[in-house]
Amino acid sequence: MRPWVLLAQGVTEPAAAGAEGAAGHHEGIAEILMSHVVNEHYGDVFLFGLNVGPSKHLYWFAVAAALVLVLVRVTIWTYKKNIPSGLGTAVETLVLYVRDEIAEKNIGHDGHRFVPLLLSVFFFILIAALVGLVPRTATATGNLSVTMGLAFVSFLAMQWAGIRNYGLAQHFKNMIPPGLPRWLLPIMIPVELLAMFTRPFALMIRLFANMLAGHMVIASLLLLIPLMAGINFAFGVGMVPISLVLALFIMMLEILVAFIQAYIFTLLTAIFIGMNAHPAH
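As a further point, take the overall build of the protein chain. Along the protein chain, the regular secondary structure elements total 9 helices and 2 strands. What you see in the protein chain, going N to C, is helices and strands ordered as α-α-β-β-α-α-α-α-α-α-α. When burial is assessed residue by residue, the protein chain has 37% of its 281 residues classed as buried. Carbon and sulfur atoms provide 73% of the accessible area of the protein chain, an area that totals close to 16,100 Å².

Quick look at the structure:
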């Protein structure tokens, strides 16, 4: 059921309907809230009893990926005599920052090998978060499967950095500090193996939780209007400016959060890659 239909049903429900009407009112508000963050299918395509049709988050995932490609192409077009202008200047500033301040400082002399990967991750997370702020859209990184995929790519990059420099066997040996007493090996080996997986897991959960929380807060603030109107019409009218101002403030904050989350995910990925490429034990 469409959110606006649910909203209308929730607000216009007669107060005299009793407990059953009140329960229906709150159920409608809850469905509206969850519709902003929960994935849903745009079409029904069943395979082995499962709906594999295109979903909301998959659709906006593809849109965000396409916008990244468009951004790159437009940026290239802005270059005249190797000097960018307009949008190209802003994009070049971010590219140079990721290359110099994130990749090379945290990975080392071979950090340039991972710059394309880090830039792809940074701009995808940033654009996906910004797209999700537009009404009637969705934030792809608010889906756990998307953040899991990003974390898995980061995990592969971490392992590849160590294996490329030291070989498969030595890469895993580097996880154990040199000179460690043999009797500690049964303890340290499981701990280091667990750490190898908890790092990308932390990336996955951090990004997912931050993207989800922001949209939940904005939707909750806006839904205060019909909730208060259900109590008293005057309360609903009085809540309109308060909810709108607070929601606008959180939305402005979400723009900042989009940059911060893209930066943090890229930075931590670079740090973890550097830990495997150049073990500090």
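Okay, back to it.
Let's shift gears to the packing of helix H3 (residues 56–77) against helix H4 (residues 87–107). Describing two packed helices takes the angle between their axes plus the distance from one axis to the other. For the pair H3 and H4, interaxial distance at closest approach is 8 Å and the crossing angle is 115°. It follows from the interaxial angle that H3 and H4 lie roughly perpendicular. When you trace H3 past H4, the crossing you get is left-handed. Together, Leu 71, Val 74 and Thr 75 of H3 and Leu 87, Gly 88 and Val 91 of H4 make up the contact between the two elements.

Glancing now at the pattern of salt bridges. On inspection of all chains with the given rule, the structure shows 2 salt bridges. The partner of Asp 100 in a salt bridge is Arg 99, with the nearest N and O atoms 2.8 Å apart. Of the residues examined, Arg 99 reaches a relative accessible area of 34% and is grouped as partly exposed.

Within the structure shown, the criterion is met by 6 aromatic pairs. Relative to Trp 60, the ring of Tyr 59 has its centre 5.0 Å away and its plane inclined at 85°; by these criteria the two rings are edge-to-face. Looking at Trp 60, the relative accessible area reads 15%, which means it is buried.

The next point concerns the side chain of Gln 159. Tracing the backbone shows Gln 159 in helix H6 (residues 144–166). Aside from chain neighbours lying at most four places away, what touches Gln 159 is His 171, Met 175, Met 196 and Asn 276.

Okay, the nonpolar core next. The biggest cluster of nonpolar side chains holds 42 residues, and the ones touching the most others in it are Leu 118, Phe 123, Phe 124, Ile 125, Phe 265 and Ile 273. Listed by contribution, the elements that provide at least two residues to this core are H3, H4, helix H5 (115–131), H6, helix H8 (185–231) and helix H9 (233–277). Considering each element in turn, this core owes the most residues, 13 residues, to H5.

This part is about the packing of H6 against H8. Across the interface, H6 lies against H8 with an axial gap of 8 Å and an inter-helix angle of 145°. Where H6 crosses over H8, the two elements pack in a sense that is right-handed. Each of Leu 144, Thr 147, Met 148, Leu 150, Ala 151, Ser 154, Phe 155, Met 158 and Gln 159 in H6 lies in contact with H8, whose residues at this interface are Met 196, Phe 197, Pro 200, Leu 203, Met 204, Ile 205, Leu 207 and Phe 208. Across the contact of H6 with H8, the residue classes break down as 14 nonpolar, 3 polar and no charged.

Let us now look at the environment of Gly 111. Topologically, Gly 111 is positioned in the loop between H4 and H5. For Gly 111, a relative accessible area of 0% gives the class buried. For the pair Gly 111 and Ala 161, spaced 50 residues apart in sequence, the C-alpha to C-alpha distance is 9.9 Å.

The rules behind the values
- Residues numbered from 1 in each chain as written.
- Predicted model: local features only at pLDDT ≥ 70, side-chain atom pairs only at ≥ 80, totals over all residues.
- Heavy atoms only, no water.
- Helix = DSSP H or I, 4+ residues; strand = E, 2+ residues; numbered from the N terminus.
- Buried < 20%, exposed > 50% of the residue type's maximum accessible area, 1.4 Å probe, protein only.
- Areas by Shrake-Rupley, 256 points an atom, 1.4 Å probe, with all protein chains shown as cover.
- Axes fitted to C-alpha atoms, helices over the stretch in contact; angles between N-to-C directions.
- Parallel < 35°, antiparallel > 145°, perpendicular 65-115°, else oblique.
- Left-handed = near helix turned anticlockwise from the far one by under 90°.
- Contact = heavy atoms within 4.5 Å.
- Salt bridge = Lys/Arg side-chain N within 4 Å of Asp/Glu carboxyl O.
- Phe/Tyr/Trp six-rings, centres within 6.5 Å; stacked < 30°, edge-to-face > 60°.
- Core = buried A, V, L, I, M, F, W, Y, C linked by side-chain atoms within 4.5 Å.
- Nonpolar A, V, L, I, M, F, W, Y, C, P; charged D, E, K, R; others polar.

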